[in-house]
Amino acid sequence: MDRFTTIFLYVLLVFFAAQSVGILFFYEWFKYPFFLPTGITEEYVVTFRERTVIPAIFVTIIYFLYRYLSGRNPTSPIWPVYVIFTSWTLCMSIGFFTIDFTITYLVIFIISLFTTLLVRRAHNKRKNEIF
């Protein structure tokens, strides 16, 4: 399982690096990176972004500001990644009540939940190595 976790984290690294470079330099091609093959409308993608991605960013920022102001440090290098995916999964679970349900949304939620659990496992392993 450790090898799978490492491979999965490398896949995430490559995916997010490609997305960030694509959005920065080739915005028209990467404007709606996940949904074009599924036939979901641009309006739905904008709603999805505004109700899940942006709140997840704010929840993550709030968490790290709280950690800083309370004088606590992360316990492992993967902790910030875990917090980001936890915020994302939380906002997506709330989105089930505020956004129209689609199969694509459910699949992305399941993938993000799986990723959150996998990153949590990686954090627990790394945390034990530090102490």
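Small disclaimer: the values here were computed from a predicted structure and weren't measured.

Novice: Quick rundown of a nonpolar patch on the surface? Include the residues and the values.
Specialist: There is a patch of nonpolar side chains on the surface, built from Ile54, Ile57, Phe58, Ile61, Ile62, Leu65, Tyr68 and Leu69 and spanning about 880 Å² of accessible area. Tracing the sequence through the fold places Phe58 in helix α3 (residues 42–69).

Novice: Could you give an account of the nonpolar core, naming the residues involved and the relevant values?
Specialist: The biggest cluster of nonpolar side chains holds 16 residues, and the ones touching the most others in it are Tyr44, Phe48, Trp88, Met92, Ile99 and Tyr105. Those elements giving two or more residues to this core turn out to be α1 (2–25), α3, α4 (79–98) and α5 (103–130). Those residues within four positions of Ile99 in sequence are excluded, and the remaining contacts are Tyr44, Thr47, Phe48, Arg51, Thr52 and Tyr105. Ile78, Trp79, Val83 and Val119 belong to the second-largest nonpolar core, a separate cluster that totals five residues.

Novice: So what's going on with the pattern of salt bridges? Which residues, and what values?
Specialist: Applying the stated criterion across every chain, the model contains one salt bridge. Of the charged contacts, one joins Asp2 and Arg121 as a salt bridge, the two residues approaching to 3.1 Å between their closest N and O atoms. Separated by 119 residues along the polypeptide, Asp2 in helix α1 and Arg121 in helix α5 bring together distant segments of the chain. By relative accessible area, Arg121 is classed as partly exposed at 33%.

Novice: Please provide a residue-by-residue account of the layout of surface pockets, values included.
Specialist: When its volume is computed, the second largest pocket comes out at roughly 380 Å³. Forming the boundary of the second largest pocket are 15 residues, of which Thr5, Leu9, Ile78, Ala122 and Arg126 lie nearest the centre. If one sorts the elements of the lining of the second largest pocket by residue count, α1 sits on top with seven residues. Of the residues belonging to the lining of the second largest pocket, the class tally is eight nonpolar, two polar and five charged.

Calculation rules
- Residues numbered from 1 in each chain as written.
- Predicted model: local features only at pLDDT ≥ 70, side-chain atom pairs only at ≥ 80, totals over all residues.
- Heavy atoms only, no water.
- Patch = residues over 30% accessible without salt bridge, like charges linked within 9 Å, V, L, I, M, F, W, Y side chains within 5 Å.
- Areas by Shrake-Rupley, 256 points an atom, 1.4 Å probe, with all protein chains shown as cover.
- Salt bridge = Lys/Arg side-chain N within 4 Å of Asp/Glu carboxyl O.
- Helix = DSSP H or I, 4+ residues; strand = E, 2+ residues; numbered from the N terminus.
- Core = buried A, V, L, I, M, F, W, Y, C linked by side-chain atoms within 4.5 Å.
- Buried < 20%, exposed > 50% of the residue type's maximum accessible area, 1.4 Å probe, protein only.
- Contact = heavy atoms within 4.5 Å.
- 1 Å grid on protein atoms, 1.4 Å probe; cavity = no way out; pocket = protein on both sides within 12 Å on 5 of 7 lines; lining within 4 Å.
- Points joined across faces, edges and corners; volume = space filled by probe spheres on them.
- Nonpolar A, V, L, I, M, F, W, Y, C, P; charged D, E, K, R; others polar.

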